[in-house]
Amino acid sequence: MTLTVEGHKDADFDLLDPARAEQEYRQLLEEQSLGITFLHFTTEYARHNGHADLLREHLDGVAGA
C-alpha cells in the first residue's frame, strides 16, 4: 500500500496524520488476524476430517470410499 499526500508520491512523515496512521495500522492487523483465523480453521477442519476418515476406514474396512 502506497500512501500519497497531495503533491507527494511517497508522503513525508511530517505530512501524515498520526491518528489516521494508527487507525489504518489497527485495521491491517485485524484483517491479518481474520485471515490467520480462517487459515487455522481450515487446517483444523481438514485434520479432523482426516481423523474421522481413518476411524471410519478402521470400522468398516473400506479405504477411500
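Keep in mind it's a predicted model, so treat the numbers as computed, not measured. (Residues numbered from 1 in each chain as written. Predicted model: local features only at pLDDT ≥ 70, side-chain atom pairs only at ≥ 80, totals over all residues. Heavy atoms only, no water.)

J.: Help me understand the overall build of the protein chain in this model?
T.: Assigned secondary structure in the protein chain consists of one helix and zero strands. Counting every position in the protein chain, which comprises 65 residues, the buried fraction comes to 2%. (Helix = DSSP H or I, 4+ residues; strand = E, 2+ residues; numbered from the N terminus. Buried < 20%, exposed > 50% of the residue type's maximum accessible area, 1.4 Å probe, protein only.)

J.: Can you walk me through the packing of aromatic side chains in this structure?
T.: For the structure shown, the criterion picks out one aromatic pair. Judged by centre distance (6.3 Å) and plane angle (15°), the rings of Phe 41 and Tyr 45 are stacked. Of this pair, Phe 41 and Tyr 45 are both found in helix α1 (residues 18–60), four residues apart, which corresponds to roughly one turn of the helix. Each member of the pair, Phe 41 together with Tyr 45, is exposed. (Phe/Tyr/Trp six-rings, centres within 6.5 Å; stacked < 30°, edge-to-face > 60°.)

J.: I would appreciate a short explanation of a nonpolar patch on the surface in the present structure.
T.: On the surface, Tyr 25, Leu 28 and Leu 29 cluster together into a nonpolar patch covering about 290 Å² of accessible area. Tracing the backbone through its elements, the reader meets Leu 28 in helix α1. (Patch = residues over 30% accessible without salt bridge, like charges linked within 9 Å, V, L, I, M, F, W, Y side chains within 5 Å. Areas by Shrake-Rupley, 256 points an atom, 1.4 Å probe, with all protein chains shown as cover. Salt bridge = Lys/Arg side-chain N within 4 Å of Asp/Glu carboxyl O.)

J.: When you look at the pattern of salt bridges in this model, what are you seeing that I'm missing?
T.: A side chain of one charge can pair with a side chain of the opposite charge when the charged atoms of the two come close. Inspection of every chain in the model, using the stated rule, returns five salt bridges. Between Glu 22 and Arg 26 there is a salt bridge whose closest N-O contact spans 2.8 Å. Pair noted here: Glu 22 and Arg 26 are both in helix α1, with a separation of four residues, about one helical turn. The class for Glu 22 is partly exposed, based on a relative accessible area of 42%. For Arg 56, the salt bridge is made with Asp 60, and the minimal N-O distance between the two is 3.2 Å.

J.: What's the story with the environment of Arg 56 in this structure? I'm lost.
T.: For Arg 56, the location among the structural elements is in helix α1. On the accessibility criterion, Arg 56 (26% relative accessible area) is partly exposed. Here the side chain of Arg 56 touches Val 62 through a polar contact of 3.2 Å, landing on its backbone oxygen. (Polar contact = N/O pair within 3.5 Å; in protein donor to acceptor, adjacent residues only side chain to side chain.)

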